[in-house]
Amino acid sequence: MTPLDYDYLRKLLKERSGLMLSPDKQYLVESRLTPLVRKAGLASLAELVAKVKSNNERLIADVVEAMTTNESFFYRDKIPFDHFRDAIVPGLMAARAKQRRLRIWCAAASTGQEPYSLAMCLKESKERLGGWRVEILGTDISTEVLEKAKAGVYSQFEVQRGLPIQMLVKYFTQNGELWQLNAEIRGMVQHRQLNLLQDFSHLGMFDIIFCRNVLIYFDHPTKVNIFERIARMLEPDGVLALGAAESVVGITNAFRPYPERRGLYRTNLAPAVRPGVSSLAPPALKAVASAR
């Protein structure tokens, strides 16, 4: 691959997926796209780039898919799921006692381990959530990983990464070296293709948004833009969960942290806080709500 071809792909990938590649990552692009060259029946990376330049949309989508990082595992980093079970869900249930509805969005959900981990957490709390309508949406830019997520089939290696053994035995069925999540848990999650660079306001409002370990790949202006659009889709007392290495500090004023809950944030963009806000809300915010 020539330096000019690499520069072209860098710009294309930023435009189509937000992925930022430094000048020294040409080797990574070559290693990930070489299998695509063979799959497409092409002679070289140069021919692949030439076809991409001709606006071959199918091939462009394949290039973006090949370059997208799809790292995920069950209960990744554990702490956000502890917060979800012990604080987020109880707090929002108290605030939603009349509506009895929760909407959850996992952005960049990859092969499904994150939304399915949340679904299993909720299933374990079925006594509390009886009669509630709970929607979990998992989205990703890659159609290939979404198909795997829908199937809910994972290798021995994948189920060993973070999944407690009691959850494996309770919610999975073994078939040779593969494990399939049972139909009930799979049915709790909807999967949809979505590019975070594009408009996603049509998804509606959410009580909880997990957007973890994806914004680290974007440049500063792109992060600001996505944060601000996410803030407009989060309920005033809703919760945003970011990855362990991510923060809003120095990036956006659209969110502020929840005290003593690492990785959790609330929106600053809501014009008012309705009565009955989540018990996660800072004391000052709860006082404002209770005075209304």
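Just above, that's the structure.
Residues numbered from 1 in each chain as written. Predicted model: local features only at pLDDT ≥ 70, side-chain atom pairs only at ≥ 80, totals over all residues. Heavy atoms only, no water.

In this structure, what is going on with the side chain of Thr111? I would like to understand it.
Inspection of the secondary structure assignment puts Thr111 in the loop between strand 1 (101-107) and helix 6 (113-124). Not counting residues within four places of it along the chain, the set of residues in contact with Thr111 comprises Ser72, Val145, Lys148, Ala149 and Tyr154. (Helix = DSSP H or I, 4+ residues; strand = E, 2+ residues; numbered from the N terminus. Contact = heavy atoms within 4.5 Å.)

Can you help me understand the sheet that holds strand 3 (residues 153-155) in this one?
Adjacent strands of a sheet pair through backbone hydrogen bonds, lying either parallel or antiparallel. Taken together, the three strands give an open sheet; going across it, the order is 3-5-4, and neighbouring strands pair in antiparallel fashion. The open sheet terminates on both sides in strands that have one partner only, identified here as strand 3 and strand 4 (172-175). For this sheet, the mean inter-axis angle between neighbouring strands, taken without regard to orientation, is 30°. In terms of strand pairing, strand 4 meets strand 5 (residues 178-181) through four bridges, oriented antiparallel. For Asn175, the partnering residue across the bridge sits in strand 5 and is Leu178. (Pairing = 2+ DSSP bridges. Axes fitted to C-alpha atoms, helices over the stretch in contact; angles between N-to-C directions.)

Sorry if this is basic, but what is going on with the pattern of salt bridges here?
Here the idea is simple: oppositely charged side chains can pair when their charged atoms come close. Under the definition given, this model contains 19 salt bridges. Between Lys148 and Glu158 there is a salt bridge whose closest N-O contact spans 2.5 Å. Residue Lys148 is located in helix 7 (residues 143-151), and its partner Glu158 is located in helix 8 (residues 156-160); the two are separated by ten residues in the primary sequence. The exposure class assigned to Lys148 is partly exposed, which follows from its relative accessible area of 27%. Through salt bridges with shared partners, a single ionic network connects Lys78, Asp82, Arg85 and Asp86. (Salt bridge = Lys/Arg side-chain N within 4 Å of Asp/Glu carboxyl O. Buried < 20%, exposed > 50% of the residue type's maximum accessible area, 1.4 Å probe, protein only.)

Shape descriptors only; they carry no functional weight alone.
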